[in-house]
Amino acid sequence: MDAVEGESEHDGTKGMPKKEEGSSVGLKVLFFARARDLTGLSDVRLEVPSGSTTSDCLNELAVRFPGLEEIRQCIVLALNEEYASETTVIKENDELAIIPPISGG
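This paragraph deals with the overall build of the protein chain. Within the protein chain, the secondary structure is distributed over two helices and five strands. Going residue by residue from the N terminus, the α and β elements of the protein chain occur as β-α-β-α-β-β-β. Within the protein chain, buried positions represent 33% of all 105 residues. Accessible surface, the protein chain: about 6800 Å² in total, of which carbon and sulfur atoms supply 49%.

In structure tokens, the structure reads:
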């Protein structure tokens, strides 16, 4: 099937990269502080299509754990113990940490 003009590198869905059919990557997601409270978990295994970004992972997590929307705008992401943006592409066996703001005194 030929690519539609202007969609050679994207699947036409919200500008997401093309995913190879049937190809996926697995990663471990770690939840800290309020994120752990909202999910009831300290970590979870997640499978996403190849080429997915940390933002795609957050979208999937928000579907599974709707309470995360409460803190989504103020969380920090770390991928393999390095701060990451929402455009960073996930690779097999990566570790994504969801770090909400922490307050205290």
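The biggest cluster of nonpolar side chains holds 20 residues, and the ones touching the most others in it are Leu27, Val29, Phe31, Leu61 and Ile98. Of all elements in the fold, only β1 (24-31), β2 (43-49), α2 (54-64), β3 (76-79) and β5 (94-99) reach the threshold of two or more residues within this core. The greatest single-element share of this core, amounting to four residues, is contributed by β1. Leucine 27 has contacts with Val44, Arg45, Leu46, Val48, Cys57, Ile90, Asp94 and Leu96, leaving out every residue within four places of it along the chain.

Calculation criteria
- Residues numbered from 1 in each chain as written.
- Predicted model: local features only at pLDDT ≥ 70, side-chain atom pairs only at ≥ 80, totals over all residues.
- Heavy atoms only, no water.
- Helix = DSSP H or I, 4+ residues; strand = E, 2+ residues; numbered from the N terminus.
- Buried < 20%, exposed > 50% of the residue type's maximum accessible area, 1.4 Å probe, protein only.
- Areas by Shrake-Rupley, 256 points an atom, 1.4 Å probe, with all protein chains shown as cover.
- Core = buried A, V, L, I, M, F, W, Y, C linked by side-chain atoms within 4.5 Å.
- Contact = heavy atoms within 4.5 Å.

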